[in-house]
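Observations on chain architecture
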Amino acid sequence: RSVDFPTVAVEARFGETIARVAARRPHADLLLYSGSALQAFKGPSMGRRILFQYQVSPEFIVDTLSTVDELRGVRPWLRESEELDPGMQAQHVAEVNLADSAVCASSFTRRGLIAQGMAPENITVAPYGGPRPERIPDDAAAGPTCSMLFVGQGIARKGLHILVEAWRRAALKNATLTLVTSRHDPM
């Protein structure tokens, strides 16, 4: 589904272009987005190969979701986009195997990289967003309005169903929850 990921052709073009540039500068370090790194990492570059891993492997997603007890009775969810393209698993494995180190945005992705064989000391987690507030004021929702925003995929592994249920139970007065999703599972 094109709304979830750039097409394989687009990512391959990025990778081919980066590989050509890297061939002209063999000592340059490479910091590349997963999905576009494979061709450049295979190339003649002698610099460091750092992977920005935005997502875990399809196999890790499927294995992890199959063990989450809270989701057993909530299925059937849409199949994960990563599951629908068998080439994604092979690409994930190849890129991780060729990378010297990785940067990712979550401990979940870090666990996936470790499961794929990357040494924990070669992985840096750099979370998206800003720092957590030290504490949320007790009267945060007592003002004239309370607006909350969720931005992400509306799929099982993102926990949107948990947020929606918590929101329903909280029954906040003068509050709105806005969901912005690239795709939204009907469940």
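Quick look at the structure, then.

Calculation criteria
Residues numbered from 1 in each chain as written. Predicted model: local features only at pLDDT ≥ 70, side-chain atom pairs only at ≥ 80, totals over all residues. Heavy atoms only, no water. Helix = DSSP H or I, 4+ residues; strand = E, 2+ residues; numbered from the N terminus. Buried < 20%, exposed > 50% of the residue type's maximum accessible area, 1.4 Å probe, protein only. Contact = heavy atoms within 4.5 Å. Pairing = 2+ DSSP bridges. Axes fitted to C-alpha atoms, helices over the stretch in contact; angles between N-to-C directions. Expected span 1.5 Å × (residues − 1). Arc of directions from axis to C-beta. Salt bridge = Lys/Arg side-chain N within 4 Å of Asp/Glu carboxyl O.

**Quick look at the overall build of the protein chain**
A tally of regular secondary structure across the protein chain gives seven helices and six strands. Starting at the N terminus, the α and β elements of the protein chain follow one another as α-β-α-β-α-α-α-β-α-β-β-α-β. By the burial criterion, 34% of the 187 residues in the protein chain qualify as buried. Within the protein chain, residue pairs in contact and separated by at least 24 positions form 56% of the contacts whose partners lie at least 6 positions apart.

**Points about the sheet that holds strand E3 (residues 101-104)**
Reading across from one edge, E1-E2-E3-E4 is the order of the four strands in this open sheet, with parallel pairing throughout. Taken across any chain shown, the strands that pair with only one partner, and hence form the sheet edges, are strand E1 (30-33) and strand E4 (123-125). The average angle at which neighbouring strand axes cross in this sheet is 20 degrees, direction not considered. Pairing of E3 with E4 involves three bridges; the strand directions are parallel. Looking at E4, one finds that Ala 102 is bridged to Ile 123.

**Focus on the pairing of E3**
Strand direction decides the pairing type here: strand E2 (residues 49-53) and E3, joined by four bridges, are parallel. Paired with Ile 50 across the bridge in E3 is Ser 101.

**Let's talk about unusual backbone geometry**
Here Ala 171, not a glycine, exhibits a phi torsion of approximately 45 degrees, which is positive. Relative to the assigned elements, Ala 171 resides in the loop between helix H7 (160-170) and strand E6 (175-184). On the basis of relative accessible area, Ala 171 is assigned to the exposed category, the value being 53%. Positioned with a positive phi, Asn 174 is a non-glycine residue whose angle comes to about 55 degrees. Among the secondary structure elements, Asn 174 is positioned in the loop between H7 and E6.

**As for the side chain of Glu 95**
Considering the arrangement of structural elements, one finds Glu 95 in helix H5 (residues 86-98). With sequence-adjacent residues up to four places away left out, Glu 95 is seen in contact with Ser 34, Gly 35, Ser 36, Ala 37, Leu 38, Phe 41 and Leu 51.

**A word on H5**
For H5, which comprises 13 residues, the first-to-last C-alpha distance of 19 Å matches the rise-based estimate of 18 Å (1.5 Å per residue) to within 8%. What H5 keeps buried is the set Met 88, Gln 89, His 92, Glu 95 and Val 96. Down the axis of H5, the sector holding all buried residues measures 140 degrees, keeping them to one side. Turned more than 90 degrees from where H5 packs its buried face, Pro 86, Ala 90 and Asn 97 sit exposed.

**Concerning the pattern of salt bridges**
As enumerated under the stated definition, the model contains three salt bridges in all. As a salt-bridge pair, Glu 165 and Arg 168 come within 2.5 Å of each other at their nearest N and O atoms. Linking Glu 165 with Arg 168, this pair stays in helix H7, spanning three residues, or about one helical turn. Take Arg 168: its relative accessible area is 54%, and that puts it in the exposed class. Each of the salt bridges in this network shares a partner with another, and the network as a whole consists of Glu 165, Arg 168 and Arg 169.

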